[in-house]
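One letter stands for each residue in the lines below.
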Amino acid sequence: MIRINHLNKKFKKLIALNNITVQFDEGQVVSLIGPNGSGKTTLIKTILGLVKPDSGQIYFRDKNIKQEGFTYRNEIGYMPQIGRYPENMTIGQLFSLLKNIRNKDENSLDYDLLKQYNLVSMYDKPMRTLSGGTRQKVSAAIAFLFRPPVLILDEPTAGLDPLSSEVLKEKILQTKKEGTLILISSHILSDLDDLTTDVMYLQDGKMKFFKNLATIQEDTGEIKLGKAIARLMKGEDPAANMISEILKTNR
Amino acid sequence: MIKLSKYVLYNILKSKIIIAYTLFLFIVATGLFQMEANSSKAILSLLNIILIVLPLVSLIFTTIHYYNSYEFIELMLSQPLSRKRVLLSEFSGVCFSLVMAFCIGVGIPVLLFATDVSIGISLILIGIFLSIIFTSFAFYTSVNARDKARGIGTALLLWFYFTLIYDGIILLILFTFSDYPLENFTLVMAALNPIDLGRIFIMLKMDSSAMMGYTGALFKDFFGSSSGMAFTFGCMILWAAVPLLLALRKFRKKDL
């Protein structure tokens, strides 16, 4: 569904994306993981066309997004890392604006999260009065609203309380069953455990690996994603090795 | 485009800053007309205040609005909307609200109290143009600077340049080369600063231009004619359009 071909991006001297080639298909839930500044958000933003790559192509349903213009974004739901909205705009206005832009049939819309997060009762509240977590809920509800075939979630559970984050996970699982392609970037690996089907690990803009979850579990012998990744990275990263050495001698 | 700018406008009109700005202009304008017995004198004072306050408020307000809307712009761009459309919607929303604030704050008192309607209307026209021009400038500088502090700094610098430094440079040149005929040169120099252009355009409609000597007479001859009027508004339109087009061009390739 999304094919990325030798993608490169530099921010001045910093290499944000280094020759990334990958393909995502329907029904996959891809976890984008990696340390801070490894290029996760940049990759997401390039797919959305918010960041323009220096070289390389991105194909959405086999069409180059550079030539496609903006219409392909009709099929993407995006939940940003930080949701800040115009101060005086109310939740209701924001939703009617978005519905206006996409112009989809009212019956096809997904109000599930809006109801579960109780946002409907806050329709008249201006954005400036909302807490960070509530704004995050609004962002999530926006991403799912149009039942898009592709969902891109940038650190979705950061800032959400445990209950709301559980609701969101449940929603992701449900859409996964409908065959939606979902990209999630997150640092909270335990959140990704039951969701993910594939893992993409980025470091310093390079793709270290892109593997099926089952393969990873087999290779490492660990069931939990967090432990499995830690084991995989141990072999690669000398710093991690050094730290475990020190921990051993101290014992 | 109208859909989005409607929401942008609605958001701004509810903000306290724009209401305070409208009130400030209204109080100053009415106050001046009440204090001065001669309405053309009041207009002259009003002109001097407008030429300083209007560019400053337009620049700063637009810049702050742009940086505050950054995440919202990002969200809009993740929707099926083109970059051009998003930026133009933001621009028209901000522009319309500033122009409206000016028309209510200054336009109403001027139309109520000014005895010479043609000068009053010119003043309103110039004010509208200056609001648009400096909004357009602010969009250009904020699209170029990623950092908010830098964006506001550049906006302030622009304001300093157009209200103070530019006039200083002209005076310096005029004094240095006072032995040469500089009338046509000053005409060109005036066109290169929208604030000066506006000032000259209105001053020449008043009797006070009689005191400006030979240059004043030449100016009156030029700006008073219909081709001079076309020239003024042509320059104003260019001053508004060029920064906006440059901003659009930059925005199209920008990483957000």
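Our subject is the structure that appears above.
The notes below deal with the structure included here. (Residues numbered from 1 in each chain as written. Chains lettered and ligands numbered in written order. Predicted model: local features only at pLDDT ≥ 70, side-chain atom pairs only at ≥ 80, totals over all residues.)

Looking now at the overall build of chain B. When you go through chain B residue by residue, the secondary structure sums to 11 helices and zero strands. When the helices and strands of chain B are read in sequence order from the N terminus, they spell out α-α-α-α-α-α-α-α-α-α-α. Judged by the C-alpha coordinates and their principal axes, chain B covers about 60 × 40 × 30 Å. Contacts in chain B between residues far apart in sequence, at least 24 positions, make up 78% of those at least 6 positions apart. (Helix = DSSP H or I, 4+ residues; strand = E, 2+ residues; numbered from the N terminus. Contact = placed C-beta atoms within 7 Å.)

Bringing the nonpolar core into the picture now. Residues A:A141, A:I152 and B:I133 are the most contacted members of the largest nonpolar core, which totals 129 residues. The greatest single-element share of this core, amounting to 14 residues, is contributed by helix α6 (residues 117–144) of chain B. (Core = buried A, V, L, I, M, F, W, Y, C linked by C-beta atoms within 7 Å. Buried ≥ 20, exposed ≤ 12 C-beta atoms within 10 Å, placed from the backbone.)

What follows is about the interface of chain A and chain B. Listed by partner, the interface residues are 26 residues for chain A and 19 residues for chain B. Elements supplying a minimum of two residues to the side of chain A that touches chain B: α1 (40–48) and α3 (91–102) of chain A. Ranked by residue count, the leading element in the side of chain A that touches chain B is α3(A), at six residues.

Residue and element names in this part refer to chain A. The mixed open sheet is built from six strands, whose spatial order is β6-β7-β8-β3-β9-β10. The outermost strands of the open sheet, each flanked by one partner alone, are β6 (76–79) and β10 (206–212). On average, each strand axis in the sheet is tilted by 15° relative to the strand beside it, whichever way the strands run. For strand β3 (residues 29–33) and strand β8 (residues 181–185), the ladder comprises four bridges, and the chain directions are parallel. (Pairing = 2+ DSSP bridges. Axes fitted to C-alpha atoms, helices over the stretch in contact; angles between N-to-C directions.)

Residues and elements named next belong to chain A. Here six bridges tie strand β9 (residues 198–203) to β10, and the two strands are oriented antiparallel to one another. Counted as the bridge partner of V199 is K211 from β10. Hairpin remark: β9 followed by β10, antiparallel, with two residues in the connecting loop; positive phi at D204, about 50°.

What follows deals with the sheet that holds strand β4 (residues 55–60) of chain A. Residue and element names in this part refer to chain A. In space, the four strands of this open sheet follow the order β2-β1-β4-β5, with antiparallel pairing throughout. Each edge of the sheet is formed by a strand with only one pairing partner; in this case those strands are β2 (14–24) and β5 (63–64). On the sheet, α1 packs against β1 (2–11), β2 and β4 and is oriented at approximately 60° with respect to β2.

Bringing the environment of A:Y123 into the picture now. All names here are of chain A. In this fold, Y123 is placed in the loop between α4 (112–116) and α5 (132–145). Note on Y123: 14 C-beta atoms within 10 Å, which makes it partly exposed. Spatially, the C-alpha atom of Y123 lies 6.4 Å from that of T90, the residues being 33 residues apart in sequence.

What follows covers the packing of helix α4 (residues 70–77) of chain B against helix α5 (residues 83–113) of chain B. All names here are of chain B. The contact between α4 and α5 brings their axes to 10 Å, and the two run at 145°. Note that α4 runs across α5; the crossing there is right-handed. Taking contact as the criterion, the partners of I73, M76 and L77 in α4 are, on α5, R83, V86 and E90. Of the residues that constitute the contact of α4 with α5, the class distribution is four nonpolar, no polar and two charged. (Left-handed = near helix turned anticlockwise from the far one by under 90°. Nonpolar A, V, L, I, M, F, W, Y, C, P; charged D, E, K, R; others polar.)

The next subject is the pairing of β8(A). Sheet faces and side chains relate simply in a regular strand, where the side chains alternate between the two faces. Residues and elements named next belong to chain A. Across the five residues that make up β8, a large majority, five, are buried. Of the two faces of β8, both are covered, the one formed by L181, L183 and S185 as well as the one formed by I182 and I184. Where strand β7 (residues 150–154) meets β8, five bridges bridge the pair, whose relative direction is parallel. Considered in β8, the bridge of I152 is made with L183. In this fold, β7 hands off to helix α6 (residues 162–177), which returns the chain to β8; that crossover is right-handed. (Right-handed = clockwise from strand over helix to strand, strands pointing away.)

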